[in-house]
Amino acid sequence: MSTPDATAPVAPAPEPAAAEAHPRFAEALRELGLDVEIRRFPEATRTAAEAAAAIGCDLSAIVKSLIFEADGAPVLVLMDGSSRVDVELVRRELCAGKVKRAGADLVRETTGYAIGGVPPFGHRTKTRVLADRGLLDHDVVWAAAGTPYTVFPLDPKTVIEHAGGTVVDVREQTK
């Protein structure tokens, strides 16, 4: 049996997939014990349509992580990429007086991420999370990994569980 040559070049250890994600999100993955594939794209995947086109999946298989303000408090709504949030249904679900879409500053302050890269969990602060039931129609969904260029796949039940979400019906109904 021969011993390794100490002078031979050693190939660097492959970077874990989480290294492609935003550092805060990569840390959240480690803390949760999740080993997920992170895909990085050269073009931005800020919108659900951009992400679905880059991945090659149905628009509805994208998870949008949207921050709203309910009576001044941030709330995260997880919605499939092909649907819109019905703010009135969110208001009723939360028993709130007023619900509106949060501005970019509140999104970054609450989550630690910029709009277009907000993942469903791994946020700076703990918020209430509503997950639309339509996400459960998929075996796998894709969500942002903390940057506008990275996404990851996971089954929707696991996404909702790690986000601390409550499954609700808050999708805008088409007429």
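Residues numbered from 1 in each chain as written. Predicted model: local features only at pLDDT ≥ 70, side-chain atom pairs only at ≥ 80, totals over all residues. Heavy atoms only, no water.

## What to know about the overall build of the protein
Scanning the protein from terminus to terminus reveals 5 helices and 8 strands. The proportion of buried residues among the 175 residues of the protein is 46%. For the protein, long-range pairs separated by at least 24 residues make up 61% of all intrachain contacts whose partners lie at least 6 apart in sequence. Element-wise, carbon and sulfur atoms account for 51% of the exposed surface of the protein, whose accessible area totals about 9700 Å². (Helix = DSSP H or I, 4+ residues; strand = E, 2+ residues; numbered from the N terminus. Buried < 20%, exposed > 50% of the residue type's maximum accessible area, 1.4 Å probe, protein only. Contact = heavy atoms within 4.5 Å. Areas by Shrake-Rupley, 256 points an atom, 1.4 Å probe, with all protein chains shown as cover.)

## With respect to the sheet that holds strand 1 (residues 39–40)
With antiparallel pairing, the 3 strands of this open sheet are ordered in space as 1-7-6. The open sheet has two edge strands, strand 1 and strand 6 (141–144), and neither has a second partner. Here strand 1 runs beside strand 7 (residues 150–154); their pairing, made up of 2 bridges, is antiparallel. Bridge pairing in strand 7 links R39 to V151. (Pairing = 2+ DSSP bridges.)

## Re the sheet that holds strand 8 (residues 165–168)
The strand order 4-2-3-5-8 describes an open sheet built from 5 strands, whose pairing is mixed. On the outer flanks of this sheet lie strand 4 (99–101) and strand 8, each paired with one strand and no other. Across this sheet, the average inter-strand angle for adjacent strands is 35°, counted without regard to direction. Sheet analysis places strand 5 (residues 128–132) next to strand 8, joined by 4 bridges and oriented parallel. Among the inter-strand pairings, A131 is bridged to a residue of strand 8, identified as V167. Where helix 5 (residues 156–163) meets the sheet, it contacts strand 3 (73–80), strand 5 and strand 8, and its direction lies at approximately 125° from that of strand 8. (Axes fitted to C-alpha atoms, helices over the stretch in contact; angles between N-to-C directions.)

## Description of the nonpolar core
The biggest cluster of nonpolar side chains holds 28 residues, and the ones touching the most others in it are F25, L29, V36, I38, L78, F121 and F152. Among the secondary structure elements, those contributing two or more residues to this core are helix 1 (23–32), strand 2 (63–70), strand 3, helix 4 (104–111), strand 5, strand 6, strand 7 and helix 5. Setting aside residues up to four positions removed in sequence, F121 forms contacts with F25, L29, L32, L34, F152, V159, H162 and A163. Judged by nonpolar contacts, the second largest core, of 14 residues, contains L66, F68, L130 and V170. (Core = buried A, V, L, I, M, F, W, Y, C linked by side-chain atoms within 4.5 Å.)

## With respect to the packing of aromatic side chains
With the rule as written, the count across this model stands at 3 aromatic pairs. For the pair F25 and F152, a centre-to-centre distance of 5.1 Å together with 35° between the ring planes defines the contact as tilted. One end of the pair, F25, is in helix 1; the other, F152, is in strand 7, with 127 residues separating them in the sequence. By relative accessible area, which is 0% here, F25 ends up buried. Measuring from centroid to centroid gives 6.0 Å for F121 and F152, while their planes differ by 70°, and the two rings are edge-to-face. With F121 in the loop between helix 4 and strand 5 and F152 in strand 7, the pair connects residues that are 31 residues apart, well separated along the chain. In this structure, F121 and F152 share a single accessibility class: buried. Among the aromatic side chains, those forming a connected cluster through ring pairs are F25, F121 and F152. Just above the ring of Y113 sits the side chain of R24; from NZ or CZ to the centre is 5.7 Å. (Phe/Tyr/Trp six-rings, centres within 6.5 Å; stacked < 30°, edge-to-face > 60°. Lys NZ or Arg CZ within 6 Å of the ring centre and 35° of its normal.)

## A word on the confidence of the model for the protein
In the predicted model, the protein carries a mean pLDDT of 89, and the fraction of residues at 70 or more is 89%. Low pLDDT (under 50) marks residues 1–16, which in the prediction has 0 contacts with non-local residues, meaning those over four places away or in another chain. (pLDDT = per-residue confidence, 0-100.)

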